[in-house]
Amino acid sequence: PRSMALAAAAQRVAAEFEYSKEAVNRGVDAFITQMHEGLGKQGATMSQIPTYVTGVPNGTEKGLYMAVDLGGTNFRVCSIQLHGNSTFSLTQSKVPIPKDLMVAQTSHELFSFLAKQIQLFLKTHHGEHYNTHTERRASMAGFGGFREEEIFSLGFTFSFPVQQVGINKGTLIRWTKGFDIHDTVGKDVCALLQKEIDALGLPVRVSALVNDTVGTLMARSYTSPGKTRTLLGAIFGTGTNGAYVEKLSNITKLNTTAGSSSNYDKSTGEMIINTEWGSFDNQLSVLPDTPYDRDLDRESVNPGIQMFEKRISGMFLGEILRRAIVSLVQDPAVPLFHDDDSSRNDVHSTTQIDATSPLYKQWGLDTSFLSIAAGDSGLGLKATRQSLDNDYGVSAASAEDAEAVRLIAAAVGKRAARLSAVAIAAVVISTASLATGDKDDVVDIGVDGSLVEFYPNFEEYIREALREIPRIGPEGEKRIRIGIAKDGSGVGAALIALVADRAM
Ligand code: ADP
């Protein structure tokens, strides 16, 4: 009968997303190998970028800092007061970036706009740092016209690919996300911002160039309970990436690359590494692969690139599910979204899916739908059916239809969580973080992003996989604490500015 054929088909597709204990363990081994490769040379699969941030906070840090965030559609400016007891207060403003500045002729047009937003923020929220007196003094004497205590240190979160060569120095490799200003490529983005800040005579020093995962790690380390230092900051949002604390002596490429000429504080013996783990196993030696993954990749703008990210993050999970659903809709033997119990080959069988449904368009299914379906425990899966009707042009889906969709959505989400566990486990194991300290000591991990925040039981699926990895096991899993780190790009950037000032 109809409902059994549908259930069997959904189970068959869901099974394609199973990611076994053995595969998880193979993944961890490969991840550790690729981490080591990246620490040793430029151009490895995982970039393992040295950040020149050589310590993480413990919650006692104090002071008033500024942070700005350029990463997409908005420019955020904020000031952060660190109270020194793991808490902070944050004041912020947000403006959309005018479209014409994203594709301007010169860097000056964009960066002078950013500096003007900083000026406006100072005037509005920090009159004590900004008045005509300081402005006049600055214009007379240049940047040196301010006393050191009058100067705001600023952390610049810049979420585009940069070649970082110092804590406040990095050149743009290429623009992404709709930005395209030829003139900026190859230039130091901190120097570009500082130049425009100086032109306005503002008492602001660009102290640190910040990647958002590093910000997440710093923010979590400052706010983590019990003043525990955090090992790893990880993002599971539009994309996925992680940054962790590595021993300086393991970062062997620091001795052989341009980095060796930079000055940084070596006394801690550590440096935060931005893994860029989205590109783990681009060669597909151990990652799970289904027809849906392959088609998604082939039709993406960057085939063969970011293969780990394409199986984990919010930008892609909806598209994987969409392709799986469409494969069933197009299979004449499977009665998905059909309103009678005749065979699909029967010309009288009518479909309930609109021809213009977003389900037929690339990227048409948003990952938030996975959270709705996977979390739907209501009678007859009402929430899932409602979303199918309102958002995806499927009228009057049956409870069986919704159950088929729910089953596949849950399988896609669970595989993503188990893959996330591979990255987390590899960092914990390769840094020997469970080997040191008391068996009651926790290993703290800060996470951010809609997927980990909103996908039902994402953390529990990660933990289940961690227990299946012998070098972690149920004992180790209990010692791993995972906490949401909010405002990474604000408080995290402020903390990096603080660390940078100390190293001066
Ligand atoms: P970003 O990573 O860009 O800073 P987010 O962490 O909010 O921002 O991630 C946005 C991504 O998360 C988008 O790809 C979106 O489809 C997805 N997303 C939004 N809401 C949810 C949700 N409730 N459950 C799962 N994914 C979601």
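Residues numbered from 1 in each chain as written. Predicted model: local features only at pLDDT ≥ 70, side-chain atom pairs only at ≥ 80, totals over all residues.

Q: Give me the environment of Asp354: which residues, what numbers.
A: Among the structural elements, Asp354 can be located in the loop between α10 (314–329) and α11 (368–374). Residue Asp354 is classed as partly exposed on the basis of its C-beta count, with 14 C-beta atoms lying within 10 Å. Along the backbone, Asp354 and Ser377 are 23 residues apart, and their C-alpha atoms lie at a distance of 26 Å. (Helix = DSSP H or I, 4+ residues; strand = E, 2+ residues; numbered from the N terminus. Buried ≥ 20, exposed ≤ 12 C-beta atoms within 10 Å, placed from the backbone.)

Q: I'd love a proper account of helix α12 (residues 382–392), names of residues and values included.
A: Count 3.6 residues to each turn of an α-helix, and residues three or four apart come out pointing the same way. All of the buried residues in α12 are Thr384, Arg385, Ser387, Leu388 and Tyr392. Along the long axis of α12, the arc covered by the buried residues comes to 160°, so they all point the same way. Pointing more than 90 degrees away from the buried face of α12 are the exposed residues Lys382 and Asn390. Contacts from the buried residues of α12 go to α11 and α13 (399–430). Looking one or two residues beyond α12, the residue adopting positive phi is Gly393, at roughly 60°. (Arc of directions from axis to C-beta. Contact = placed C-beta atoms within 7 Å.)

Q: Give me the sheet that holds strand β5 (residues 152–158): which residues, what numbers.
A: Strand order in the open sheet formed by 5 strands is β4-β3-β2-β5-β8, and the pairing between neighbours is mixed. If you trace the sheet from one side to the other, it starts and ends with β4 (88–96) and β8 (204–210), each paired once. Ignoring strand direction, the axes of neighbouring strands in this sheet form an average angle of 20°. Helix α4 (residues 107–125) contacts β2 (62–70), β3 (74–83), β4 and β8 of the sheet and is inclined by roughly 45° relative to β3. (Pairing = 2+ DSSP bridges. Axes fitted to C-alpha atoms, helices over the stretch in contact; angles between N-to-C directions.)

Q: Mind laying out the domain arrangement of the protein, listing which residues take part and the relevant values?
A: In terms of domain boundaries, the protein breaks down into domain 1 (1–51 + 224–489) and domain 2 (56–210). Measuring from the centre of the C-alpha atoms in domain 1 to the corresponding centre in domain 2 gives 33 Å. Facing the 12 residues of domain 1 at the interface are 11 residues of domain 2. (Domains from an automatic or database assignment.)

Q: Got a sec to walk through the site of the ligand? Specific residues and values, please.
A: The full set close to the ligand counts 14 residues, and Gly237, Gly314, Ser371, Ser450 and Phe454 are the nearest of them. Elements with a minimum of two residues in the shell around the ligand: α10, α11 and α14 (450–454). Residues that form the shell around the ligand fall into these classes: 5 nonpolar, 8 polar and 1 charged. (Near = placed C-beta within 6 Å. Nonpolar A, V, L, I, M, F, W, Y, C, P; charged D, E, K, R; others polar.)

Q: Residues and numbers for the nonpolar core, please.
A: Ile408, Ala425 and Ile496 are the most contacted members of the largest nonpolar core, which totals 146 residues. In terms of residues, this core owes the most to one element, α13, which gives 20 residues. Two domains share this core, each providing at least three of its residues, namely domain 1 (1–51 + 224–489) and domain 2 (56–210). Not counting residues within four places of it along the chain, the set of residues in contact with Ile496 comprises Val53, Gly155, Ala208, Val210, Val214, Gly215 and Met218. (Core = buried A, V, L, I, M, F, W, Y, C linked by C-beta atoms within 7 Å.)

Q: Can you tell me about unusual backbone geometry, naming the residues and giving the values?
A: For Gln48, which is not a glycine, the phi torsion comes out positive at approximately 50°. Of note, Gln48 is situated in the loop between α2 (21–40) and β1 (49–50). The backbone of Asn457 sits at a positive phi, close to 65°, despite the residue not being glycine. Structurally, Asn457 can be placed in the loop between α14 and α15 (458–467).

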